[in-house]
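# Report on the structure
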Amino acid sequence: MKHYLSINDIKDLEAAVAEAIELKKDPVKFKSLGKDKTVCLLFFNNSLRTRLSTQKAAINLGMEVMVMNFGSEGWQLEFEDGTVMNQGKAEHIKEAAQVVSQYCDIVAIRAFAGLENKALDEAEVVLNGFKKYANVPVVNMESSVGHPLQALADAITLEEFGSKDRPKVVLSWAPHPRALPHAVANSFVEMMKLQDADFVITHPKGYELNPEITNGCQIEYDQDKAMENADFVYVKNWSSYSDYGKVISQDPNWMLTQAQLGTAKFMHCLPVRRNVVVADVVLDSDQSLVVEQANNRTYSAQIVLKKILESL
Amino acid sequence: MKHYLSINDIKDLEAAVAEAIELKKDPVKFKSLGKDKTVCLLFFNNSLRTRLSTQKAAINLGMEVMVMNFGSEGWQLEFEDGTVMNQGKAEHIKEAAQVVSQYCDIVAIRAFAGLENKALDEAEVVLNGFKKYANVPVVNMESSVGHPLQALADAITLEEFGSKDRPKVVLSWAPHPRALPHAVANSFVEMMKLQDADFVITHPKGYELNPEITNGCQIEYDQDKAMENADFVYVKNWSSYSDYGKVISQDPNWMLTQAQLGTAKFMHCLPVRRNVVVADVVLDSDQSLVVEQANNRTYSAQIVLKKILESL
Amino acid sequence: MKHYLSINDIKDLEAAVAEAIELKKDPVKFKSLGKDKTVCLLFFNNSLRTRLSTQKAAINLGMEVMVMNFGSEGWQLEFEDGTVMNQGKAEHIKEAAQVVSQYCDIVAIRAFAGLENKALDEAEVVLNGFKKYANVPVVNMESSVGHPLQALADAITLEEFGSKDRPKVVLSWAPHPRALPHAVANSFVEMMKLQDADFVITHPKGYELNPEITNGCQIEYDQDKAMENADFVYVKNWSSYSDYGKVISQDPNWMLTQAQLGTAKFMHCLPVRRNVVVADVVLDSDQSLVVEQANNRTYSAQIVLKKILESL
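So, here's what we can say about the structure. Note that the structure is predicted; figures quoted are calculated from it, not measured.

### A short note on the layout of surface pockets
Considering only enclosed or pocket space, the largest pocket measures out at about 1500 Å³ in volume. Those elements that place two or more of their residues in the lining of the largest pocket are α2 (49-60) and β2 (64-69) of chain A, α2 (49-60) and β2 (64-69) of chain B together with α2 (49-60) and β2 (64-69) of chain C. A breakdown of the residues in the lining of the largest pocket according to their chemical character gives 16 nonpolar, 10 polar and 18 charged. Considering only enclosed or pocket space, the second largest pocket measures out at about 680 Å³ in volume. Around the second largest pocket, the lining is made up of 38 residues, and of these F112(A), L180(A), P181(A), P271(A) and W75(B) lie nearest the centre.

### Notes on the packing of aromatic side chains
In total, this model carries 18 aromatic pairs over all chains according to the counting rule given. With a centroid separation of 6.0 Å and 65° between ring planes, the pair formed by F188(A) and F199(A) is classed as edge-to-face. One end of the pair, F188(A), is in helix α8 (residues 183-192); the other, F199(A), is in strand β8 (residues 198-202), and 11 residues separate them in sequence. Judged by its relative accessible area of 10%, F199(A) falls in the buried class. Centre to centre, the rings of W173(B) and Y207(B) are 4.4 Å apart; their planes meet at 35°, and the pair counts as tilted. Taken together, the residues span a long stretch of sequence, with W173(B) in strand β7 (residues 168-173) and Y207(B) in the loop between β8 (198-202) and α9 (211-214) at a distance of 34 residues. No difference in accessibility class separates W173(B) from Y207(B), as the two residues are buried. Feature note: the residues W173(A), Y207(A) and W254(A) constitute an aromatic cluster, connected by ring pairs. The aromatic ring of Y241(A) is capped on one face by K118(A), whose charged end is 3.7 Å from the ring centroid.

### Examining the relation of the copies chain C and chain A
Put simply, the second copy of the chain is the first one after a rotation about an axis and a shift along it. Expressed as a screw transformation, the operator carrying chain C onto chain A has a rotation angle of 120° and an axial translation of 0.0 Å, and the superposed copies differ by an RMSD of 0.0 Å. On this basis, the relationship between the two copies can be described by a three-fold rotation axis.

### Here we look at the environment of A294(B)
The residue A294(B) is located in helix α13 (residues 290-310) in this model. The spatial distance from the C-alpha of A294(B) to the C-alpha of D154(B) is 8.9 Å, given a sequence separation of 140 residues. Other than its neighbours up to four places away in sequence, A294(B) contacts R49(B), V99(C), Q102(C) and Y103(C).

### Examining unusual backbone geometry
Cis geometry is adopted by the peptide bond preceding P271(A), which originates at L270(A) and carries an omega value of 0°. When you line up the elements, P271(A) lands in the loop between β11 (265-267) and α12 (280-283). Phi is positive for D36(C), which is not a glycine, with a value near 60°. Following the sequence through the fold, D36(C) ends up in the loop between α1 (13-23) and β1 (38-43). Of note in this structure, L115(C) is not a glycine but carries a positive phi near 65°. Within the fold, L115(C) resides in the loop between β5 (106-110) and α5 (118-123). When its relative accessible area of 10% is taken as the criterion, L115(C) is described as buried.

### Here we look at the pattern of salt bridges
The full count for this structure, using the stated rule, is 48 salt bridges over all chains. Of the charged contacts in the structure, one is a salt bridge between R166(A) and D196(A), with a shortest N-O distance of 2.8 Å. Here R166(A) is found in the loop between α7 (148-161) and β7 (168-173), whereas its partner D196(A) is found in the loop between α8 and β8, with 30 residues between them in sequence. Measuring nitrogen to oxygen at the nearest pair gives 3.2 Å for the salt bridge that ties K307(C) to E19(C). With a gap of 288 residues between them, K307(C) in helix α13 (residues 290-310) and E19(C) in helix α1 connect regions that are remote in the sequence. Here E19(C) falls in the partly exposed class, since its relative accessible area comes to 26%. The network of salt bridges with shared partners includes K94(A), E95(A), R274(C), D280(C) and D284(C).

### Section: the sheet that holds β2(B)
All names here are of chain B. Taken in spatial order, the 4 strands line up as β2-β1-β5-β6 in an open sheet, and their pairing is parallel. Of all the strands in the sheet, the pair left with one neighbour each is β2 and β6 (138-140). Recorded for the sheet is a direction-independent mean angle of 20° between the axes of neighbouring strands. In the sheet, strand β1 (residues 38-43) pairs with β2 via 6 bridges, with the strands oriented parallel. Opposite L41, over in β2, you have V67 as the bridge partner. Here helix α6 (residues 125-133) sits on the sheet in contact with β1, β5 (106-110) and β6, set at roughly 160° to β6.

### Looking at the interface of chain A and chain B
In this assembly, 32 residues from chain A lie in contact with 31 residues from chain B. Here chain A packs against chain B, burying approximately 2700 Å² in sum over the two surfaces, 55% of which is carbon and sulfur. There are 5 salt bridges connecting chain A and chain B. Put simply, E95(B) and R274(A) hold a salt bridge, and the shortest N to O gap is 2.7 Å. There are 16 residue pairs in polar contact (both at pLDDT 80 or more) connecting chain A and chain B. Put simply, the parts of the chain that give the side of chain A that touches chain B at least two residues each are α2, α12 and α13 (290-310) of chain A. Partitioned by chemical class, the residues of the side of chain A that touches chain B number 14 nonpolar, 8 polar and 10 charged.

Analysis parameters
- Residues numbered from 1 in each chain as written.
- Chains lettered and ligands numbered in written order.
- Predicted model: local features only at pLDDT ≥ 70, side-chain atom pairs only at ≥ 80, totals over all residues.
- Heavy atoms only, no water.
- 1 Å grid on protein atoms, 1.4 Å probe; cavity = no way out; pocket = protein on both sides within 12 Å on 5 of 7 lines; lining within 4 Å.
- Points joined across faces, edges and corners; volume = space filled by probe spheres on them.
- Helix = DSSP H or I, 4+ residues; strand = E, 2+ residues; numbered from the N terminus.
- Nonpolar A, V, L, I, M, F, W, Y, C, P; charged D, E, K, R; others polar.
- Phe/Tyr/Trp six-rings, centres within 6.5 Å; stacked < 30°, edge-to-face > 60°.
- Buried < 20%, exposed > 50% of the residue type's maximum accessible area, 1.4 Å probe, protein only.
- Lys NZ or Arg CZ within 6 Å of the ring centre and 35° of its normal.
- Least-squares fit on C-alpha atoms with pLDDT ≥ 70 in both.
- Contact = heavy atoms within 4.5 Å.
- Salt bridge = Lys/Arg side-chain N within 4 Å of Asp/Glu carboxyl O.
- Pairing = 2+ DSSP bridges.
- Axes fitted to C-alpha atoms, helices over the stretch in contact; angles between N-to-C directions.
- Buried area = accessible area lost by both parts, 1.4 Å probe.
- Polar contact = N/O pair within 3.5 Å; in protein donor to acceptor, adjacent residues only side chain to side chain.

Structure follows, in structure tokens:
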């Protein structure tokens, strides 16, 4: 693997998931693989799970890790070509990316959507800037439009807890007080398109995700109907895509309840707002897989780093 | 040892102190003990000594260390049960603690008292939240009501510099411009209760510590009288406990002077405000043990981590 | 080497440069040298290159690294002797430096000039405070008046890309919207004084550097004339030294253009503001050495750490 920017960078998802599940039995089995290799984790936004699980994955592979909060510890970056840089931005992505890639063997980047300018967010200036100018593989630790490490962890979790050949999986929008990016939902959809599953997306009208991503997916506006006979319900808020970045509904009826969940397993990428996105009783039940999903973040990152290390 | 939340979690303090003093001769003697083990240091507040000495202790034991400034790098945490999380807090301690504990073998936490709500501070929501929900041992790197790594370092220092079987040890309040927590004083008192010593606490009226902690201790409101024939004087400011979190006196007469100290050794946990808490001449004299105390923070942390690693 | 505070702390610059160039062929050759040694990197200011390259250098030498943003993660420091510390500063450099040096074998420090008080900046209170009170070697990661790790990297780059026995090297001031310190320019000048080169400094009148540093150097106020037949042009902004810390000109004619550069190699320490300090076309040409200079930061730090480790 050269870069890991999207779930589609994994050639054989089923095999990668099987490998991750095998890896969990002996996480330090490949500790010699990362000897004298360094990964640099650059955070342009906050992070808990991604920060710790990606570090842990690298440690398990015997790598050295350098963590940097780019915004507060480094310099403001300029991404436009040809700019006269006489304002607040001290460094251009061209230099920053080339420079950083000289200090490490892999660079991993988190840079959220700003949700103010769709074209700018979709241009993925940070991630693509590093991809373009860095001389080392780039790993997406959540960008404007995708969170493929989460999607790979979700695929591992689905495999571990699925009992059917073709499970029914529902991605349900949920209310949230703040405008959130589409990254997790997008990558989950992209991952599900690679699965043999009955996959349904449900959300209020106006919350349609990017149609280029949901192309071919079943969309059901009636949440109850969508959830009938579900095996897994993945709940996630996102802001409007058409009315870009706006909160157009906070309808509490869309909060996931135990009654709606039925006997399905509950999934969420975390952090999750209790009793807004999902009822306490669901999160606290044995049907909730959120902690297992978070645990699989280590193995999802480890598989990705391992595949990149193997191709260096 | 399962957790290290208070000095009382050490079964045999005298033996632990002796072990720490032995360890100083060869700090990396047990470097293989921490192989493939990771400690996560979570800071909800600033730290210098604790940050570096606990990292160093873990390194000496061969552990991997992940450091995180939880407040600025992660998500705001909710600690109440049943809350509708539609305000500023994005994640519940239930998920955060379970998740973090999957990425490490030990989690160490610093979360100071807010000093606005006694009941809330005494509930130790951060520390106890992690203790309750994490699946790994928890180490207290200073909580609302205790700083047991400091107290253990102080016990090591007392042993190293004591020449009597039963020394006289005085804990003296000192003035300070800001309201400070009771954690250091509390843990020092708890530690002293395990020592064979003539222990006296001195402070202005109104600065009584939690009586449940000082229960059985001698309290002397006359600082000069308290210090007569002292072998060690431990100086520390704390805010009022009864008039919770308030600065009710800044009386400069309580600043420790060389005259008051006499021939005793001077101790303080640092950071210390010169010429407010203690006179320059005391800090700069050979009687000051503050640098040795800080050095012993490494070995105090190392003994604690070692005991936890041995019981994993 | 005891400390590395200035380029003059290197006894034989030519030999050190040759050693660094040799080291690039096998960066982990001396990995056993740093076994059980720890370097603490203390940042009082932002950093990208220095932060990552110094970490990488230490890793290459097998050292443990502890990184700390002193300002935001620790306590505000007092540097004056005899102060009554009843204001915002919680800790004195005397304690901080002694304490930190107990947790590591080498301490590296970045503390920029404030540019408001020349005498204060030139006193180098942070760097000299650590030098005075720490019990371990101190490395300058850019102080008020010098950036010797950059200067050593620049010397390596000059050697790698020079084809003449006695090249012509020009240090040219460039415009910048903000007031910048003199550290990089100062250390470059000090390094050049150790080289066999035709060295010229060019800047508008009023931008003379500290004459004690430029003593004996050729200064040419006509930028075009200075650049005639140059082999290397090092461009850098600095604020006025005589009218201390002031921006007295932003004359865009001083921005380096391709026409002015001619066939010379272009150098800059980065970060660089495109089309303010230097034209895009220069930075994007094969004549630009900025990425190579940044790469050499790893080897410059590694040579310094290696020499210190060897003398511990």
